[in-house]
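Inside the fold
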Amino acid sequence: MKSRFYFVFVVFCFTAVLILTVFIRSADNRIFYKICKCTAEQNRLKQQLWQKQIRLENLINPAAVSHRLDRNKTDH
C-alpha cells in the first residue's frame, strides 16, 4: 500500500514539474516577444528622432540660413 502512494506521489510531482515547465516556457516566449516588440519600436523612434534632428540641423545650419536670406532678398 505504501509503494502505491509513493508511486502516485512521484507521478503527481512529475506531472506538476512538466506543467510548470510548460508554463515557464510560454511565459518566457511572451516576455521575449514583448522585448523584441519594444526594441523594434525603440529603433523606429530613434530613426524618427534622427531624421528630425537632421532636418533641424539643416534649418539652423549657417550656410542654409544665409542661402535662404539671400534668396529672400532677391525675391523682394
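Our structure's up above, just so we're on the same page.
Residues numbered from 1 in each chain as written. Predicted model: local features only at pLDDT ≥ 70, side-chain atom pairs only at ≥ 80, totals over all residues. Heavy atoms only, no water.

**Digging into the overall build of the protein**
- Across its full length, the protein carries two helices and zero strands.
- Expressed as lengths along the three principal axes of its C-alpha atoms, the size of the protein is roughly 105 × 15 × 5 Å.
- Of all 76 residues assigned to the protein, the portion counted as buried reaches 1%.
- Accessible area for the protein stands at about 7,600 Å²; split by element, carbon and sulfur atoms hold 68% of it. (Helix = DSSP H or I, 4+ residues; strand = E, 2+ residues; numbered from the N terminus. Buried < 20%, exposed > 50% of the residue type's maximum accessible area, 1.4 Å probe, protein only. Areas by Shrake-Rupley, 256 points an atom, 1.4 Å probe, with all protein chains shown as cover.)

**Structural notes on the pattern of salt bridges**
- Per the counting criterion, the structure on display carries one salt bridge.
- Residue E41 pairs with R44 through a salt bridge whose shortest N-O separation is 2.6 Å. Here E41 pairs with R44, and both are found in helix α1 (residues 2-60), just three residues apart, close to one helical turn.
- Among the residues examined, R44 registers a relative accessible area of 37% and is labelled partly exposed. (Salt bridge = Lys/Arg side-chain N within 4 Å of Asp/Glu carboxyl O.)

**Things to note about the environment of S26**
- Inspection of the secondary structure assignment puts S26 in helix α1.
- A sequence separation of 35 residues divides S26 from N61, and the C-alpha atoms of the two residues are 52 Å apart.

**Side note on a nonpolar patch on the surface**
- A cluster of nonpolar residues, Y6, F9 and V10, forms a patch on the protein surface that exposes about 350 Å² of accessible area.
- For F9, the location among the structural elements is in helix α1.
- Taking the relative accessible area as the measure of exposure, F9 reaches 53% and is therefore exposed. (Patch = residues over 30% accessible without salt bridge, like charges linked within 9 Å, V, L, I, M, F, W, Y side chains within 5 Å.)

**Points about the state of the cysteines**
- Going through the model one piece at a time under the given rule, you end up with zero disulfides.
- Of all cysteine sulfurs in the structure, the one in C36 sits closest to C38, which takes part in no disulfide; the separation is 9.5 Å. (Disulfide = S-S within 2.5 Å.)

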